[in-house]
Amino acid sequence: MTVENSINTKLTEELAPLYLQVKNESYMHNVPTGSESHFKLVIVSEKFDGLRLIARHRMVNSILAEELANQIHALAMHTYTPEQWQMQNANQVPNSPNCMGKN
């Protein structure tokens, strides 16, 4: 199973997201072609209701602990409650910055 598939599976099982986007952004960095080391997540889940941003990120980090310890070098997270997602006109997620080390 690829790292991306593992992330998708675990987050879907644990968070029952209303929306989930897992984007492998490794190509934007100075890593070998085909790497799975840099990811951006957009997650909308009712399980985030009442939680501060840091608690949401800790929850995701806990779910992905194995991947973070072994394969993932960088993980950008955008975590929303359904209400927040709707208020920000869904799909308006910030772009990732360019990598300074990319040739």
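Anything mentioned here points back to the structure above.
Presented here is a report on the structure given in the accompanying data block.

Reading the values: rules and limits
- Residues numbered from 1 in each chain as written.
- Predicted model: local features only at pLDDT ≥ 70, side-chain atom pairs only at ≥ 80, totals over all residues.
- Heavy atoms only, no water.
- Pairing = 2+ DSSP bridges.
- Helix = DSSP H or I, 4+ residues; strand = E, 2+ residues; numbered from the N terminus.
- Axes fitted to C-alpha atoms, helices over the stretch in contact; angles between N-to-C directions.
- Contact = heavy atoms within 4.5 Å.
- Parallel < 35°, antiparallel > 145°, perpendicular 65-115°, else oblique.
- Left-handed = near helix turned anticlockwise from the far one by under 90°.
- Nonpolar A, V, L, I, M, F, W, Y, C, P; charged D, E, K, R; others polar.

### Looking at the sheet that holds strand β2 (residues 38–44)
(1) Moving on: With mixed pairing, the three strands of this open sheet are ordered in space as β1-β2-β3. A strand with exactly one partner marks an edge of an open sheet, and here the two such strands are β1 (19–24) and β3 (74–80). Sheet twist, expressed as the mean angle between neighbouring strand axes with direction ignored, is 10°.
(2) Moving on: As defined by bridge partners, β2 adjoins β3 across seven bridges and the pair is classed as parallel. Along β3, the bridge assignment pairs His38 with Ala74.
(3) Moving on: Helix α2 (residues 53–63) rests against β2 and β3 of the sheet, and its axis sits at about 125° to β3.

### A closer look at the packing of helix α1 (residues 3–15) against α2
(1) Moving on: Where α1 contacts α2, the two axes come as close as 10 Å, and the packing angle between them is 125°. In terms of axis orientation, α1 runs oblique to α2. Handedness of the α1/α2 crossing: right-handed. Along its contact with α1, which presents Lys10, Leu11, Glu14 and Leu15, the element α2 presents Met59, Val60 and Ile63.
(2) Moving on: Classifying every residue of the contact of α1 with α2 by side-chain character gives five nonpolar, no polar and two charged.

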